[in-house]
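Overview (structure and organization)
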Amino acid sequence: MSDPIYHLPQERRLVTELPGPKSKELAARRDAVVAKGVSSSSPFYVTEADGGVLVDADGNSVIDLGAGIAVTSVGASAPKVVANVQEAVARFTHSSFATTPYQGYVDVCERLAELTPGSFAKKSVLVNSGAEAVENAVKIARHATGRAAVAVAENAFHGRTNLTMALTSKAMPYKAGFGPFAPEIYHFPSSYPFREPAPITGEQAAQRAISYLETTVGADKLACLLQEPIQGEGGFIVPAEGYLPTLQAWCREHGIVFILDEIQCGFCRSGKWFASEYDGVEPDLITTAKALGGGLPLAAVTGRAEIVDSAQTGGLGGTYGGNPVSCAASLGAIDTMKEWDLPARARAIEAAIRAKVQPLVGTGSVGDLRGRGAMMAVEFVNPGTKDPDPAKAGQVASTLLEQGVIALTCGIYGSCIRFLPALTIPAGLLDEALDLFVEAAGN
Ligand SMILES: *Cc1c(COP(=O)(O)O)cnc(C)c1O
């Protein structure tokens, strides 16, 4: 176990007004040519990033609590990732695994088989994005079962392609005006402990979902049940204890493929290698992306060999899936996660966040603090109620941006601020950002 190595000073250092003149100039050029549908929550044009900081075009060093949406868990320029990428890209950029295979793809699939939950024989298919992984998991489950219907949790986010828009709950901005959506998708009530009208156990929440699915769809029609073990975009919702194991048992009983989407919470983010481990569940299929690629585009479906192998040869894949440079980056990232013991660092980040933020919960507009590891969120409410307050979340995020701290919002109501730093962020830098958060949130 060794400590992270940084090449950029790990400090918040503001040298211009924010955003600075160079970022403003780029924003003006962007307005003319970049689609308005593509959003950026921060105004900084990045030129370098490392550990917990990001340096912008004007030379400002800002604290990054977003890590490119949970992607750069090892940091955005970790030495092993950079070295592996440089070495790989100089040898060959692409060959397409579908025409001429190479070792890196096999190496990544071996790591996935070894690290993901479940001691059974596993196989993987590599693709380019999280949405593509979810699409492939559904394809595989339908093929393996010969059934069409897909059960998916409320408050889910699974991507922006046509099928994954249908699987996603939040209409604005992800779905509005982009339909029609894929058929045979059924959203079941999931577990959102903070918003239960009265406290219920995880088993009861799961029974509510099961009863809904049995009455409205029928267990024998379902190819798969899909859920994030910690819901990401939906607001870092940790389901009540016992919820996931009860759903898993029901899926097993009825031959429904149990799919967990660990695209955001997987690969050390939650304080364990996979968030499923907290619940003692072993999904039949697991989707991974984000941190898996160490910053390069890479995603995977991994699962029981007999389920994955049901799909006919040539039925899965794509031109770029498992690109050799992305595979090299991934192997560097996974080595780094082990060497720097990133699960332990994620747990230390959780402890630091709880120490600073927990005292605010129940005071003013801070309604809830939840999550696991370096995946924690605060939900803002109108004081004295549980009514979501997205305006407050937006205001806190923009106050932080003005001070050089990138913090992202999330939540089905947009009422949460999420803490999602690189797992390599130095403790002092995280504390500095948290103090600014407490100041912005606490009134
Ligand atoms: C980000 C995310 C996706 C979509 O991944 P993309 O790479 O953006 O397509 C799917 N599921 C979850 C849980 C995510 O967080």
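The structure displayed is predicted, hence computed values, not measured ones.

Glancing now at the state of the cysteines. Under the definition given, this model contains 0 disulfides. Considering cysteine sulfurs only, Cys-109 is the nearest to Cys-327, which forms no disulfide, with 7.4 Å between them.

Taken together, Ser-129, Gly-130, Ala-131, Phe-157, His-158, Gly-159, Glu-228, Asp-261, Ile-263, Gln-264 and Lys-290 are the residues near the ligand. Residue Asp-261 places a side-chain N or O atom 2.7 Å away from a nitrogen atom belonging to the ligand. Residue Lys-290 places a side-chain N or O atom 2.7 Å away from an oxygen atom belonging to the ligand. When grouped by side-chain class, the residues that make up the shell around the ligand number 3 nonpolar, 5 polar and 3 charged.

Below, the discussion takes up the nonpolar core. Membership of the largest hydrophobic core comes to 91 residues, with the highest contact counts inside it found for Phe-267 and Phe-437. When we break this core down by domain, the ones giving at least three residues each are domain 1 (21–64 + 342–442) and domain 2 (81–339). Residues within four places of Phe-437 in sequence aside, it is in contact with Val-357, Val-378, Phe-380, Val-396, Leu-400, Ile-417 and Phe-419. Of all hydrophobic cores here, the second largest spans 22 residues; its members include Ala-149, Phe-188, Leu-225 and Leu-260.

For strand β11 (residues 366–372), a buried count of 7 out of 7 residues is recorded, marking the element as mostly surrounded by other parts of the structure. Here 6 bridges tie β11 to strand β12 (residues 375–380), and the two strands are oriented antiparallel to one another. Residue pairing in the sheet places Arg-370 in a bridge with Ala-377 of β12. In textbook terms, the turn of a hairpin is the stretch between consecutive antiparallel strands, and for β11 and β12 this stretch comprises 2 residues, one of which, Gly-373, has a positive phi near 60 degrees.

The next subject is the sheet that holds β11. Taking strand neighbours across the sheet as the criterion, the 4 strands line up as β11-β12-β15-β14 in an open arrangement whose pairing is antiparallel. In the strand order of this sheet, the two ends are held by β11 and β14 (408–410), each with one partner. Averaged over all neighbouring strand pairs, the angle between strand axes comes to 30 degrees, with direction disregarded. Summarising the sheet, β14 and strand β15 (residues 416–419) pair through 3 bridges and their orientation is antiparallel. Directly across from Cys-410, in β15, lies its bridge partner Cys-416. The strands touched by helix α13 (residues 390–402) are β12, β14 and β15; relative to β15, the strand with the most contacts, the crossing angle is about 45 degrees.

Turning to the domain arrangement of the protein chain, a few remarks are in order. Parsing the protein chain into structural domains produces domain 1 (21–64 + 342–442) and domain 2 (81–339). Spacing between the C-alpha centres of domain 1 and domain 2 amounts to 25 Å. Contact with domain 1, which involves 31 residues of that partner, is made by 26 residues of domain 2. Carbon and sulfur atoms make up 59% of the surface buried where domain 1 meets domain 2, a total of about 2400 Å² over both sides. Summed over the three residues of domain 1 that lose the most area to domain 2, namely Arg-372, Met-375 and Ile-412, the buried surface amounts to 34% of that side. As a salt-bridge pair, Glu-233 and Arg-418 come within 2.8 Å of each other at their nearest N and O atoms. Applying the counting rule to domain 1 against domain 2 returns 17 residue pairs in polar contact (both at pLDDT 80 or more). When residues of the side of domain 1 that touches domain 2 are traced back to their parent elements, those giving at least two are α12 (342–357), β11, β12 and β15. Ranked by residue count, the leading element in the side of domain 1 that touches domain 2 is β11, at 5 residues.

Quick look at the pattern of salt bridges now. Taken as a whole and judged by the stated rule, the model has 17 salt bridges. Across the salt bridge formed by Glu-11 and Arg-13, the nearest N and O atoms sit 2.8 Å from each other. Exposure remark for Arg-13: the relative accessible area of 31% places this residue in the partly exposed category. For Arg-12, the salt bridge goes to Glu-432, with nearest N and O atoms at 2.7 Å. Of this pair, Arg-12 sits in the segment before α1 (21–33) while Glu-432 sits in helix α14 (residues 427–441), and the two are 420 residues apart along the sequence. Judged by its relative accessible area of 28%, Glu-432 is partly exposed. By sharing partners, the salt bridges in this structure join Arg-195, Asp-368, Arg-370 and Glu-379 into a single network.

A word on the pairing of strand β7 (residues 222–227). A large share of β7 lies buried, amounting to 6 of its 6 residues. Across 4 bridges, the pairing between strand β5 (residues 149–153) and β7 is parallel. Considered in β7, the bridge of Val-150 is made with Cys-224. Strand direction decides the pairing type here: β7 and strand β8 (residues 257–261), joined by 4 bridges, are parallel. Paired with Leu-225 across the bridge in β8 is Phe-258.

What counts as what
Residue positions are given per chain, counting from 1 as you read along its sequence in written order. The predicted nature of this model means local features are confined to residues of pLDDT at least 70 and side-chain atom pairs, given and counted, to a pLDDT of 80 or more, with totals for whole chains, interfaces and linings taken over all residues. Hydrogen atoms and water are omitted, and side-chain values are computed over all heavy atoms in the structure. Cysteine sulfurs are considered disulfide-paired once they come within 2.5 Å of each other. A cutoff of 4 Å decides nearness: a residue is near a molecule or strand if any of its heavy atoms lies inside that distance of it. We call two N or O atoms a polar contact when they sit within 3.5 Å, provided that within protein one can donate a hydrogen and the other can accept it, with sequence-adjacent residues counted only if both atoms are side-chain atoms. Polar here means any residue other than Ala, Val, Leu, Ile, Met, Phe, Trp, Tyr, Cys and Pro, which are nonpolar, and Asp, Glu, Lys and Arg, which are charged; Gly is therefore polar. For this analysis, a nonpolar core means a set of buried residues of the types Ala, Val, Leu, Ile, Met, Phe, Trp, Tyr and Cys, connected via side-chain atoms within 4.5 Å. When a residue's accessible area, from a 1.4 Å probe over protein chains only, is under 20% of the maximum for its type it is buried; when over 50% it is exposed; and in between it is partly exposed. Where each domain begins and ends follows an automated or database-derived domain assignment. Any two residues whose heavy atoms approach within 4.5 Å at even a single point are treated as in contact. Helix numbering and strand numbering both begin at the N terminus, where a helix is a DSSP run of H or I of at least 4 residues and a strand a DSSP run of E of at least 2. Strands are treated as partners if at least two bridges between them are detected by DSSP. Think of each axis as a best-fit line through the C-alpha atoms, taken over the contacting stretch in the case of a helix, with angles from 0 to 180 degrees between the N-to-C directions. What gets called buried area is simply the loss in accessible area from a 1.4 Å probe that two parts show on being joined, summed for both. Definition used for salt bridges: Asp or Glu carboxyl oxygen within 4 Å of a side-chain nitrogen of Lys or Arg.

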